[in-house]
Each structure stands twice: as structure tokens, then as C-alpha cells.
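Examining the three-dimensional arrangement
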Amino acid sequence: MSLPAPDAETLRQQLTQALTPAAREVLALAIERAAALQLPLYLVGGPVRDALLGLPIVELDLVVEGDAWLLAEALASATDGRLTQHAAFRTATVALEHQGQPLTIDVVTARRERYPAPAALPIVEPATIQEDLARRDFTINTLALRLLPDGDVVLLDPFNGREDLARRRLRVLHDASFEDDPTRILRAARFVARLELAVVPHTRRLIDAAVRQELLLRTSPPRLLNEIWLLLDEPAPERALALLHTWNALPQLGLSWSPSIFTTFPAARRSLAPQLLPQVYLALLWLAMTPAARQAFGERYNLPAWARTLARELPQLLALPLDRPLDAVALEALLRRFPVALLHALALSSPATIQANLRRYLDEIRPLPPLLSGEELRALGIAPGPTYGRILRALRQAQLSGMITTRDEALAWLERLRDDEHAGSCYDPSRHSEV
Ligand code: ATP
């Protein structure tokens, strides 16, 4: 039994509620410009899905039947947005700030796709909206709203996506879906985890078959890595990873399963800034892997600089003697050079003593501002050179051991140091720290 079709007014209301006022204005502008250019305009995929679920729309995905660049250019100039055009599929992105909020609008030309070989990139041609919806991954992502110039909206739902959405089901459109594009296995895990869906049995059998055929091993590493980043950006990546584990897909991605991420990932979310989370998650995954598996991951994927740094520093960090009580000076000397994401990840996954050392360093020592800066030494008339490093290091040690605690004490210490140096004595911070 299928769901009754929603009326236009209900749809308009759902859309309006899901949009920020800024996005609403920009969408109205897009409708106006598309009408002027005589381009049929549709809101498609994620935003329609999310609006029907009552979730906020975070990105506007627009499809036009005709040249997407024309609309994107018009929209960018009307909003003063930054236009990026991708020649391959003649798609475009407009990034703008509206009423102080960042907003991204993807504008694409309706297209059909043919896959010349499994896991290969598709051959693309301009097409109708119906054909465009037929190239998509899951029924819940095939919903489109025709946006008419008079403000009316019409729902297009050729694959019964609204019913699957209402019943929280994930379903592919055809049996070759994962063969055409194995990255859909990761996308499936993300949507199921995020939207609390169930994979329908037939789609699950297709996932199992794709995993048995090891299709992910034939997929280009950059595409897989992109999906791994998207996965680590999910609100609860451990749920998507657990699904990939259940589907036996993790080894083909070069990842190992560890049930500990059910504890460490949520703990990371509770205590850390959101922008640090993907790095910490990656480090947590690596910490649960063997050195050989970590190395293979680094060789397979062309990692960005920050991830290469994590990979390089991780064995060094693990080799440190952190399983005994250490004082502040020793902690800073050992830990200063390591990326914070790595330190947080190790703290989250270590036994009590190591954790206490890392927590103390991260929470108390690292945030402690230096008492004087190089700039201030210059202002005090000390000639720049290697002495700066020596003075600042000695001052930091005195600060961490509690011998000097204020800027005034630091200045007095520096004065005495300079007097002594003029007198030719050799420099010893502890001698100068009794203020
Ligand atoms: P999210 O909320 O994660 O951004 P989204 O649905 O907007 O979800 P995007 O990755 O932005 O996801 O993709 C936009 C749309 O393009 C999807 O809704 C889907 O219809 C289609 N799509 C994206 N990737 C694929 C793919 N690999 N195969 C088929 N269709 C895809």
C-alpha cells in the first residue's frame, strides 16, 4: 500500500521549515534566475530527503534541465558568491555568505550515466530529470521538487522514495548498483547509520555479493578516501563503521574493526571541538591497527599532510615511556612536538597512568601561556639569536616547575640573568628563579 501523495502546500511548508531564512532567500533568487534563463529547476536528493524527514537542509543541491553553468554564474553574480565550475560534468558550486551564514549551492545539469566497466568512472550525457534521478544511489535520494516560477512545488518520486523514507528503508534502484559504483557500499553505511534505516534484504544481498567480489579493491583509492573522510564527518561514524564491519567490507578498505570505538568515539565527541574529531577518529582507528596495516593504509591512499604527520608521529608517540608518573617539565619535553589529535586519541584509548599523563599535559600544561614571548625579548633590547630559544626554554622550565609564575617574576628573572651575563657568569635558570 503506497502513501497518499502530499499536497503542494504541505510540501512547501516542509521545505520552508527545513531552510534557514538565508537559504530561503537564495532559493527564491535561484527560482527567479532560472525562470529568466528558461531553465526548468529542481531541488534534488539530500535536501528533499532531509526536508521530508523534518531535518534541516545543510546544502542546496539544484538540478537544471539545460546548462547548469548559466544558472550558477547568474546566482554567483546576484549573491556575490564564489563560483567554482567543474568542466568534467559541467557542474558548478556557488559558495556564499548570506545574512552572515555560509551557504553552499551545487548546481548540476540533469544527466544520464553509463558505466563502461565495474567501478569505472561513468560516461555522462545531458538528459531529463527522470534520467538524472535514475542514475542515483538509493530510492531515498531520488526525490526531487520541481520549483516553479510562481513559488509552487511539485514532487517527483519515480522510485517510491518517499515510502521507503517513511518506512526507514534503504534500497538501491537496480541490481548492478554496487558493481557500477562500489563506493555506494560506504554511502549505504553512512545513510543507514545517520538516518537509522534498515537495508532491505535484496539490497543487503547485493552488498554481500559486491563484498564477495572484492569490488572495493578495484575502486580508485582517491574515491574511497573521499568516502572515508565523509564517513569520519558523520555525527556517529562508529555506527557506519560497525555496519561496514558486519558487511565484511572493512578489510577491503584497509581498516580493521575494534569494538573499543563504541566507547572512544563518543568520548571524543563529548570532550573535543568538532573540527578536531575526524583527525582524532582516524588516529583512534590507526591505534587499533597493527603497524603493518597502518603502513599499508598510508601506502594505498594519498593522504593529506596532516594525516601523513599523524601516521609518522604515531609510532614515536607509542614508544614514549608514558606509563609512569612524570612531572610537568618531562611531560612537555616529551609531548610538545606531537599533534594534539594524536595525543587526544592516545589518551582516549590508554590505561589510567598513560591517560593521566596525557590529560595533564593536554589540559594543564599545553594551554599554559608562556610568560614572555620572543617579541618581548626584542622589545627589552635583547639581540635576536640563539639565546632567545635558550632563554625561553629555561623560562618555560622554571614556569612548569612552579619557580616562576608571573610575568613580573619573569621580567625580574631576566634582569638578573642579564646582570649576571654582563658579569660573565654562566647561565643557570634555577639559580635565578628564587624571586
Ligand atoms: P548528505 O546529507 O550526506 O550530503 P546527499 O544525499 O546530499 O547527502 P551527496 O553526496 O551530496 O549526498 O550527493 C548528492 C546526491 O547525489 C545524492 O542524494 C544522490 O542522489 C547522488 N549521489 C551522490 N553520490 C552518488 C553515487 N556514488 N551514486 C549515485 N548517486 C549519487
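Calculation notes
- Residues numbered from 1 in each chain as written.
- Predicted model: local features only at pLDDT ≥ 70, side-chain atom pairs only at ≥ 80, totals over all residues.
- Heavy atoms only, no water.
- Helix = DSSP H or I, 4+ residues; strand = E, 2+ residues; numbered from the N terminus.
- Rg over C-alpha atoms; globule rule 2.2 N^0.38 Å.
- Buried < 20%, exposed > 50% of the residue type's maximum accessible area, 1.4 Å probe, protein only.
- Contact = heavy atoms within 4.5 Å.
- Areas by Shrake-Rupley, 256 points an atom, 1.4 Å probe, with all protein chains shown as cover.
- Lys, Arg positive; Asp, Glu negative; His and termini not counted.
- Charge placed at Lys NZ, Arg CZ, Asp CG, Glu CD.
- Axes fitted to C-alpha atoms, helices over the stretch in contact; angles between N-to-C directions.
- Parallel < 35°, antiparallel > 145°, perpendicular 65-115°, else oblique.
- Left-handed = near helix turned anticlockwise from the far one by under 90°.
- Nonpolar A, V, L, I, M, F, W, Y, C, P; charged D, E, K, R; others polar.
- Near = heavy atom within 4 Å.
- Polar contact = N/O pair within 3.5 Å; in protein donor to acceptor, adjacent residues only side chain to side chain.
- Domains from an automatic or database assignment.
- Core = buried A, V, L, I, M, F, W, Y, C linked by side-chain atoms within 4.5 Å.
- Phe/Tyr/Trp six-rings, centres within 6.5 Å; stacked < 30°, edge-to-face > 60°.

On to the overall build of the protein chain. Looking only at helices and strands, one finds 23 helices and 11 strands in the protein chain. The C-alpha atoms of the protein chain give a radius of gyration of 28 Å, which is well past the 22 Å a tight globule of 435 residues would have. Along the longest, intermediate and shortest principal axes, the C-alpha atoms of the protein chain span 90 × 50 × 35 Å. Buried residues in the protein chain amount to 46% of all 435 residues. Within the protein chain, contacts between residues at least 6 apart in sequence are counted, and of these 64% link residues at least 24 apart. As displayed, the protein chain has an accessible area near 20,700 Å², and 54% of this comes from carbon and sulfur atoms. With 47 positive and 51 negative side-chain charges, the protein chain shows a spacing of 4 Å between the two charge centroids.

This part covers the packing of helix H14 (residues 277–287) against helix H16 (residues 305–318). With their axes 11 Å apart at the nearest point, H14 and H16 run at an angle of 45° to one another. One finds that H14 runs oblique with respect to H16. Crossing angle aside, the handedness with which H14 passes H16 is right-handed. On H16, the residues that touch Gln279, Leu282, Ala283, Trp286 and Leu287 of H14 are Trp306, Ala307, Leu310, Ala311, Leu314 and Leu318. Residue composition of the contact of H14 with H16, grouped by class: 10 nonpolar, 1 polar and no charged.

Our next topic: the site of the ligand. Taken together, 15 residues form the shell around the ligand, and within it Arg49, Arg136, Asp181, Arg184 and Arg194 come nearest. Note that an oxygen atom of the ligand is positioned 3.5 Å from one of the backbone N or O atoms of Gly46. Asp181 places a side-chain nitrogen or oxygen 2.8 Å from a nitrogen atom of the ligand. If the ligand stood free it would expose 590 Å²; the protein chains cover 77% of that surface. Contributing elements (two or more residues each) for the shell around the ligand: helix H3 (46–52) and helix H8 (183–195). Looking at the shell around the ligand, the element that brings in the most residues is H8, giving 6 residues. Along the lines of polarity and charge, the residues of the shell around the ligand split into 1 nonpolar, 4 polar and 10 charged. Summarising the domain contributions, the shell around the ligand has at least three residues from each of domain 1 (1–167) and domain 2 (168–249).

On to the nonpolar core. With 114 residues, the main nonpolar core has Ile105, Leu147, Ile185, Leu244 and Leu335 as its most contacted residues. Ignoring sequence-local partners within four residues, the contact set of Ile105 consists of Val26, Leu60, Leu62, Leu75, Ala92, Thr93, Val94 and Leu96. Listed in part, the 14 residues of the second largest apolar core include Leu377, Leu395, Ile404 and Trp413.

It is worth spelling out the packing of aromatic side chains at this point. Scanning all chains against the criterion turns up 6 aromatic pairs. With 5.8 Å between their ring centres and 75° between their planes, Trp286 and Phe297 make a pair best called edge-to-face. With Trp286 in helix H14 and Phe297 in helix H15 (residues 291–300), this residue pair connects regions lying 11 residues apart in the sequence. Here Trp286 matches Phe297 in class, with each residue buried. Judged by centre distance (4.7 Å) and plane angle (55°), the rings of Phe297 and Tyr301 are tilted. Judged by its relative accessible area of 2%, Phe297 falls in the buried class.

Another point: unusual backbone geometry. The phi torsion at Asp80 lies on the positive side, around 65°, for a residue other than glycine. For Asp80, a relative accessible area of 73% corresponds to the exposed category. Even without glycine at this site, Asn248 takes up a positive phi of about 65°. You can see Asn248 is positioned in the loop between helix H11 (237–246) and helix H12 (250–253). Under the relative-accessibility criterion, Asn248 is labelled exposed at 54%.

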